[in-house]
Amino acid sequence: MQNIIKKRSNAQDIVKGFLMISVVFFHSHFFTAENPNTLIDSFNLLYCFFPYLMVVFFFYCGYNYRPGKRTPKENIIRRSKQLLIPLLILYTVGNLLQAIIVLASGVSTMEGVTNALLYNLMSEPLAHIIGFPANGVINIHMLMTGGIGWYLYALWITSVIFYLIVDKVIKKPATLISVILLLLVIAFCMAQFIGPYLPYAVNSYPLILAIMLLASYLKQHNFLELKDNSKRTIAFRIINSVIGEAIIVAVSLICYYQFNATLVGVLAGGQYSDVIKGFDVFIAFIFCILGTYAIHSLALIINKIPVVSYVLGWFGKRTGALYISHTLLLSFIHIIIFGSNTFWGEGQNFLYLFITLAIFAIIAMTVDAIKNRIKKPKAEEVKNEANQISN
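The structure contained in this document is the topic of the report that follows.

## Overview of the overall build of the chain
- Each helix and strand in the chain was counted, giving 14 helices and zero strands.
- Along the chain, helices and strands appear, N-terminal first, in the series α-α-α-α-α-α-α-α-α-α-α-α-α-α.
- For the chain, contacts bridging at least 24 residues in sequence account for 79% of all contacts bridging at least 6.
- Put simply, the chain shows about 19,800 Å² of open surface, and 67% of that area lies on carbon and sulfur atoms.

Okay, structure coming up:
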């Protein structure tokens with residue numbers, strides 16, 4: 001236990017950067033697809049390799065927990081600031097800018113914007129339950145900004161519960177296993193008998209909590225870090241990662257060809273597969289463990305490649321900002337720059353990705369430069385005051 005690395009590995013930032021870039025690429029399809037509403041129902045072989053895009057983020061949240069570092073109250077307050085402030089920005093500033101874009105370009109009307117905002121606030125499943133109009137007056141570009149908010153409020157709610165119980169749950173393996181099994185069974189019953197996609201993604205909360213609890217326990221055993229840099233250890237890690245990834249791809253393909261389940265273990269928008277329903281809970285849980293191990297192992301190798309590791313790590317350190325801004329940037333690119341025209345097929349999605357990352361990088365570097373200019377005079381002022389006191 002003494003060899004556990006206290007400082008977070010850069011591998012996590014590399015993984016987060018890669019996965020967040022993948023999320024941007026996935027969401028770019030919503031702007032170029034002929035029918036965005038059926039996008040999740042279509043099959044894409046690429047998705048079989050990385051179905052764990054979102055669940056890995058939940059795993060890291062639990063994995064980075066440090067027992068005893070803060071009280072549950074302090075952790076809850078800290079996490080609330082980290083998640084609720086971005087959520088507020090997303091639903092206010094993000095939606096306001098989105099409204100300006102679609103109204104100024106004539107893509108949507110004020111009625112469409114108003115209905116889209118209401119649609120987001122009540123969540124898609126609840127809107128469907130009450131029969132709220134989802135076609136015509138509601139535009140996909142307006143839905144995108146608020147639609148991604150599920151991750152923030154789902155993580156916040158589960159984090160509150162996590163901090164209240166984690167120290168007691170991870171003390172004994174028997175307690176941990178019992179709690180995790182209970183949570184998975186609850187998630188299974190909700191998805192199987194109530195629905196795979198419930199209002200405010202509440203169906204995903206038990207699964208997310210189970211992932212975070214397991215991750216916090218595995219941290220005590222240094223699950224993701226290399227014990228040493230010997231060739232044998234590295235070879236063993238690579239073999240295990242390849243096997244884990246192979247299982248993920250195999251299960252994904254089996255679910256598609258046997259049950260016509262296009263996306264399993266993805267938890268897109270907090271939704272389980274509407275084909276296999278509750279069984280998707282267990283698939284997502286297994287994919288999370290295998291996928292996190294595999295992609296983190298890959299990141300440990302990429303970490304030795306300076307340029308690639310720096311770029312992915314740079315975006316990984318700014319995952320939160322990229323997450324809450326990328327759909328707005330995609331909307332700007334598609335509506336303002338391309339005039340809502342789609343003519344390059346899959347290539348246009350890659351173009352949207354690169355332009356989004358470029359605009360985000362320019363904005364982020366500009367903000368960082370401004371912050372540094374503000375901090376520098378203050379730091380010099382504090383230093384001068386310290387020198388005066390010492391003299």
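## Regarding the packing of helix H8 (residues 173-194) against helix H11 (residues 279-302)
- At a minimum axis distance of 7 Å, the contact between H8 and H11 shows a crossing angle of 135°. Taken together, the axes of H8 and H11 are oblique relative to one another. Contacts between H8 and H11 involve Ile180, Leu184, Ala187, Phe188, Ala191 and Gln192 from the first element and Phe279, Val281, Phe282 and Phe285 from the second.
- Across the contact of H8 with H11, the residue classes break down as nine nonpolar, one polar and no charged.

## Re the nonpolar core
- In terms of nonpolar packing, the biggest core is built from 96 residues, with Trp150, Tyr151 and Leu207 touching the most fellow members.
- Setting aside chain neighbours within four positions, we find tryptophan 150 in contact with Met54, Phe58, Ala201, Ser204, Leu267, Gly269, Gly270 and Tyr323.

## Topic: the packing of aromatic side chains
- As enumerated under the stated definition, the model contains 29 aromatic pairs in all.
- Between tyrosine 65 and tyrosine 163, the aromatic rings sit 6.0 Å apart at their centres with planes inclined by 45°, giving tilted as the arrangement. Residue tyrosine 65 is located in the loop between helix H2 (55-63) and helix H3 (72-104), and its partner tyrosine 163 is located in helix H7 (residues 150-169); the two are separated by 98 residues in the primary sequence. Like tyrosine 163, tyrosine 65 is buried.
- Seen from their ring centres, phenylalanine 338 and tyrosine 352 are 5.1 Å apart, and the 55° between their planes marks the pair as tilted. You can see phenylalanine 338 sitting in the loop between helix H13 (319-337) and helix H14 (346-390) and its partner tyrosine 352 sitting in helix H14, a full 14 residues away along the chain.

## Description of the side chain of asparagine 349
- Checked against the element boundaries, asparagine 349 lands in helix H14.
- Accessibility expressed as a relative area gives 2% for asparagine 349, which makes it buried.
- Every residue in contact with asparagine 349, bar those within four places of it in the chain, is listed here: Phe25, Ser28, His29 and Thr32.

## Some details on the packing of helix H1 (residues 10-32) against helix H12 (residues 306-316)
- Orientation of H1 relative to H12, taken along the N-to-C sense of each, is 80°, at an axis distance of 7 Å. Relative to H12, H1 is oriented roughly perpendicular. Residues Asn10, Asp13, Ile14, Lys16, Gly17, Phe18 and Ile21 of H1 form the contact with H12, whose participating residues are Ser309, Leu312, Gly313, Phe315 and Gly316.

## Here we look at H8
- Taking 1.5 Å as the rise per residue, H8 with 22 residues should run 32 Å; its terminal C-alpha atoms sit 31 Å apart, in good agreement.
- Here the buried face of H8 lies against H7, helix H9 (205-219) and H11.

## Here's the deal with unusual backbone geometry
- Even without a glycine there, the phi angle at tyrosine 200 is positive, about 60°.
- As for its position among the elements, tyrosine 200 is in the loop between H8 and H9.
- At lysine 277, a position not held by glycine, the phi torsion is positive, near 50°.
- Tracing the chain through its elements places lysine 277 in the loop between helix H10 (231-259) and H11.

## Notes on H3
- In this model, H3 (33 residues) spans 46 Å end to end at C-alpha, consistent with the 48 Å of a helix rising 1.5 Å per residue.
- At leucine 90, H3 shows its strongest bend, of approximately 30°.
- Where H3 terminates, the next one or two residues include glycine 106, which has phi positive at roughly 80°.

Parameters and conventions
- Residues numbered from 1 in each chain as written.
- Predicted model: local features only at pLDDT ≥ 70, side-chain atom pairs only at ≥ 80, totals over all residues.
- Heavy atoms only, no water.
- Helix = DSSP H or I, 4+ residues; strand = E, 2+ residues; numbered from the N terminus.
- Contact = heavy atoms within 4.5 Å.
- Areas by Shrake-Rupley, 256 points an atom, 1.4 Å probe, with all protein chains shown as cover.
- Axes fitted to C-alpha atoms, helices over the stretch in contact; angles between N-to-C directions.
- Parallel < 35°, antiparallel > 145°, perpendicular 65-115°, else oblique.
- Nonpolar A, V, L, I, M, F, W, Y, C, P; charged D, E, K, R; others polar.
- Core = buried A, V, L, I, M, F, W, Y, C linked by side-chain atoms within 4.5 Å.
- Buried < 20%, exposed > 50% of the residue type's maximum accessible area, 1.4 Å probe, protein only.
- Phe/Tyr/Trp six-rings, centres within 6.5 Å; stacked < 30°, edge-to-face > 60°.
- Expected span 1.5 Å × (residues − 1).
- Bend = angle between axes of the 7 residues up to and from the residue.

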